[in-house]
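Tertiary structure, described
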Amino acid sequence: MEKENRKLEFYGGEWVSLAPLLLFIVLIIVTTFFWGSISDGALWVPIFLGLVIPFFLAKDKKQYSNTLIMGMASKDTAFPIATWLFAGVFSRILRMSGFATGLAGLAGSFGVGPVLFTVISFLAATLFSTATGTGFGTIAACMGVLYPAGVELGVNPAFLAGAILGGAAFGDNLAPVSDSTIASATAMDVDVPKCVRSRLKYSLTAAAITLIITIIVGNILGQSANIKEAVSYNQMTLIMIVPVIITLIIAIKSGDLIIATIIGSVLSGTVAVIFGLMDFVQIDAVNPVREALFSVSGSGLDRAVGGAVFTGLSSMTQMVVLCLMLFSAIHIMKCGHGDMKILNALSHVTRRAVGAEVVISFMVIALSSIMGLNAPAILTVGPSFARPLADKHGISRYRMANLMDAQSCTWCYSLPWTCTMMYILSFTVDTSAPLSGIQITPYCFFTFVMTAVMFVSIFLGIGRKDFINVQGEAE
């Protein structure tokens with residue numbers, strides 16, 4: 001035990017223990033702006049090199065190796081990974097059952113004008129993203145149906161895309177099964193249900209202001225209605241709202257996301273099969289009319305397992321690998337006392353709670369904007385900087401988790417080079433209204449409003465004592 005707690009020494013001093021994270025950030029800038037890569041996998045090389053290069057500066061190579069492994073094996077690392085895997089299966093079953101199309105089709109089937117259609121699209125995106133916790137899934141669901149329908153209706157394409165993107169960001173910030181929600185709660189060592197309850201005031205305020213701005217701007221744009229036909233959808237898919245509601249209730253009541261998503265996956269899979277929305281298993285199916293929970297296809301060495309369960313698990317591979325290496329980098333920094341060096345340096349700026357929250361906000365915004373991803377930014381800033389600063393200044397850990405999560409769902413969603421922006425653009429390519437990222441960015445109202453709401457809350461001190469009892473301890 002004494003050996004494990006021994007300080008990790010580097011040639012060059014304590015600042016060198018920051019090298020894994022600093023190299024990670026610098027190399028992300030290179031991959032983003034020079035190589036033009038924005039995928040999750042493109043983050044693997046930066047973090048891998050960030051772990052390898054400082055190894056040669058460690059005085060005790062064996063201790064460095066053990067520290068790296070301890071970072072991967074910590075509870076802080078294991079919990080989000082386990083939760084992401086089960087949440088990935090749950091959200092994938094919902095998508096492949098047709099619930100996405102049903103929900104989007106329900107919103108798009110109203111015979112309304114461009115402004116109201118955009119409002120409905122925003123609300124549909126917020127509902128789906130909150131139910132499933134997936135920004136990417138929401139974009140796929142809503143852009144696949146609502147975008148072409150809105151264009152036919154006469155909605156300004158960039159205006160509509162910005163509304164859908166804002167709705168996706170809303171749920172990514174608020175949903176209990178969202179990876180950013182899980183990451184922020186884990187980073188601050190707090191439970192998810194209280195995080196969700198305490199961040200409602202920020203999310204709902206930002207959503208309400210966004211709706212007002214959407215209505216005003218929609219009318220200023222002077223869009224003309226061009227209604228052709230209602231969007232068709234299978235009404236039976238809406239039955240999937242039942243397992244969604246049950247899962248959300250269990251998540252909020254139990255405070256255990258693994259319990260909730262296991263039950264949610266079983267319930268959603270059962271309902272989908274019973275009501276004919278999915279097959280339980282498909283063996284060598286040719287042009288199947290439905291998706292399946294499990295499938296087997298191919299021949300010989302190419303014979304492979306597929307289906308919603310497998311796809312849900314495999315969709316989390318990128319994030320899991322990144323999380324393992326990222327937490328190793330964080331643990332190396334802690335064992336080398338690099339985090340204390342930074343905290344001491346920031347003490348001149350963060351002498352008050354307001355300064356601490358401002359610094360954390362800019363760190364998360366900058367890092368998530370560079371990465372184009374929010375959960376990794378939260379995991380980088382949270383355990384190393386936000387948690388000790390919150391404890392130092394008597395800021396509720398729930399408040400700091402909410403601050404990081406909200407700020408990570410702002411510019412990360414609206415900048416032209418981010419993953420979410422590239423993903424939403426892919427749905428416009430083969431339509432009558434292809435877009436570029438720079439066209440959509442000005443219409444990302446929710447992300448701009450959320451940024452403003454969080455900075456106002458900082459200077460007004462709103463939420464700073466959430467769930468802190470009279471003794472100053474977390475409830």
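Please read these numbers as outputs of a predicted model, since none were measured by experiment.

Some words on the overall build of the chain
Scanning the chain from N- to C-terminus turns up 22 helices and three strands. Counting across all 475 residues of the chain, residues that qualify as buried make up 55%. Taking the contacts inside the chain whose residues are at least 6 apart along the sequence as the reference set, 77% of them involve residues at least 24 apart. Looking at the chain as shown, the accessible area adds up to about 19,200 Å², and 67% of this sits on carbon and sulfur atoms.

A few points about the sheet that holds strand 3 (residues 304-306)
Across the sheet, three strands lie side by side as 1-2-3; this open sheet has mixed pairing. Looking along the sheet, the strands with just one partner apiece sit at the ends: strand 1 (278-283) and strand 3. Neighbour-to-neighbour, the strand axes of the sheet open up by a mean angle of 5°, direction not taken into account. Sheet analysis places strand 1 next to strand 2 (residues 291-297), joined by five bridges and oriented parallel.

Remarks on helix 10 (residues 192-220)
Between its terminal C-alpha atoms helix 10 stretches 40 Å, which fits the 42 Å expected from 29 residues at 1.5 Å a residue. The sharpest bend along helix 10 reaches about 45° and sits at Arg199. Capping the start of helix 10, Asp191 holds a side-chain oxygen 3.2 Å from the backbone nitrogen of Lys194, two or three residues further along. One or two positions beyond helix 10, positive phi appears at Gly222, with a value near 65°.

Concerning helix 4 (residues 75-96)
Given a rise of 1.5 Å per residue, 22 residues ought to cover 32 Å, and the 32 Å separating the end C-alpha atoms of helix 4 matches this to within 8%. With its phi angle positive at about 95°, Gly98 sits one or two positions after the end of helix 4.

Things to note about the pattern of salt bridges
Counting across every chain of the model gives ten salt bridges. Where Asp279 meets Arg290, a salt bridge forms, and the shortest distance between an N and an O atom there is 3.0 Å. Of this pair, Asp279 sits in strand 1 while Arg290 is found in the loop between strand 1 and strand 2, placing the two residues eleven residues apart along the sequence. For Arg290, a relative accessible area of 34% puts it in the partly exposed group. Close ionic contact of Arg399 with Glu357 constitutes a salt bridge, the shortest N to O distance being 2.9 Å. Residue Arg399 is found in helix 18 (residues 397-408), and its partner Glu357 is found in helix 16 (residues 353-371); the two are separated by 42 residues along the sequence. We note that Arg399, like Glu357, is buried.

So, the confidence of the model for the chain
Per-residue confidence for the chain averages 83 on the pLDDT scale, and 87% of its residues sit at or above 70. At the low end of the mean pLDDT range in the chain sits helix 5 (residues 99-108), at 64; at the high end sits helix 22 (residues 445-460), at 96.

Let's talk about unusual backbone geometry
Even without being a glycine, Asp189 presents a positive backbone phi close to 60°. Mapped onto the fold, Asp189 is located in the loop between helix 9 (179-187) and helix 10. Asp189 gets classed as exposed once you look at its relative accessible area, which sits at 53%.

Comments concerning the nonpolar core
Counting residues in hydrophobic clusters, the biggest one holds 116 residues, and the most contacted among them are Trp84, Ile360, Met404 and Ile424. Broken down by element, this core gets its largest block of residues, twelve residues, from helix 14 (residues 317-335). Dropping the residues within four chain positions of it, Ile360 is found in contact with Val381, Phe385, Ala386, Leu389, Met400 and Met404. Listed in part, the 16 residues of the second largest apolar core include Ile93, Met96, Met240 and Leu293.

As for the environment of Gly12
The residue Gly12 is located in the segment before helix 1 (19-33) in this model. Put simply, Gly12 and Ala58 are 46 residues apart on the chain and 9.3 Å apart in space, counted from C-alpha to C-alpha.

As for the packing of helix 8 (residues 157-174) against helix 9
In the contact formed by helix 8 and helix 9, the axes pass within 6 Å of each other and the chain directions differ by 35°. Two packed elements cross with a definite hand, and for helix 8 against helix 9 that hand is right-handed. Here Asp172, Asn173 and Leu174 of helix 8 lie close against helix 9, whose contacting residues are Asp179, Ser180 and Thr181. Split by residue class, the contact of helix 8 with helix 9 holds one nonpolar, three polar and two charged.

Let's talk about the packing of aromatic side chains
If you walk through the whole model with that rule in mind, you get twelve aromatic pairs. Note on Phe55 and Phe56: the rings are 5.1 Å apart at their centroids and 80° apart in plane angle, and the pair reads as edge-to-face. A relative accessible area of 28% means that Phe55 is categorised as partly exposed. On the basis of relative accessible area, Phe56 is assigned to the exposed category, the value being 57%. Ring geometry for Tyr443 and Phe445: centres 6.0 Å apart, planes at 75°, overall edge-to-face. Of the residues examined, Phe445 reaches a relative accessible area of 11% and is grouped as buried. The side chain of Lys61 reaches across the aromatic face of Phe55, ending 6.0 Å from its centre.

Looking at the state of the cysteines
Tallied over the full model, the rule gives zero disulfides. Free cysteine Cys409: the closest other cysteine sulfur is in Cys412, separated by 7.1 Å. Judged by its relative accessible area of 1%, Cys409 is buried.

Here's the deal with the pairing of strand 2
Bridging between strand 2 and strand 3 involves three bridges; their strand directions are antiparallel. The residue bridging Ser295 from the neighbouring strand is Gly306, located in strand 3.

Quick notes on a nonpolar patch on the surface
Taken together, the side chains of Val45, Phe48, Leu49, Val52, Ile53 and Phe56 make up a nonpolar region of the molecular surface, amounting to roughly 530 Å² of accessible area. Within the secondary structure layout, Ile53 lies in the loop between helix 2 (44-52) and helix 3 (61-73). Here Ile53 falls in the partly exposed class, since its relative accessible area comes to 44%.

Thresholds, definitions, all that
- Residues numbered from 1 in each chain as written.
- Predicted model: local features only at pLDDT ≥ 70, side-chain atom pairs only at ≥ 80, totals over all residues.
- Heavy atoms only, no water.
- Helix = DSSP H or I, 4+ residues; strand = E, 2+ residues; numbered from the N terminus.
- Buried < 20%, exposed > 50% of the residue type's maximum accessible area, 1.4 Å probe, protein only.
- Contact = heavy atoms within 4.5 Å.
- Areas by Shrake-Rupley, 256 points an atom, 1.4 Å probe, with all protein chains shown as cover.
- Pairing = 2+ DSSP bridges.
- Axes fitted to C-alpha atoms, helices over the stretch in contact; angles between N-to-C directions.
- Expected span 1.5 Å × (residues − 1).
- Bend = angle between axes of the 7 residues up to and from the residue.
- Polar contact = N/O pair within 3.5 Å; in protein donor to acceptor, adjacent residues only side chain to side chain.
- Salt bridge = Lys/Arg side-chain N within 4 Å of Asp/Glu carboxyl O.
- pLDDT = per-residue confidence, 0-100.
- Core = buried A, V, L, I, M, F, W, Y, C linked by side-chain atoms within 4.5 Å.
- Left-handed = near helix turned anticlockwise from the far one by under 90°.
- Nonpolar A, V, L, I, M, F, W, Y, C, P; charged D, E, K, R; others polar.
- Phe/Tyr/Trp six-rings, centres within 6.5 Å; stacked < 30°, edge-to-face > 60°.
- Lys NZ or Arg CZ within 6 Å of the ring centre and 35° of its normal.
- Disulfide = S-S within 2.5 Å.
- Patch = residues over 30% accessible without salt bridge, like charges linked within 9 Å, V, L, I, M, F, W, Y side chains within 5 Å.

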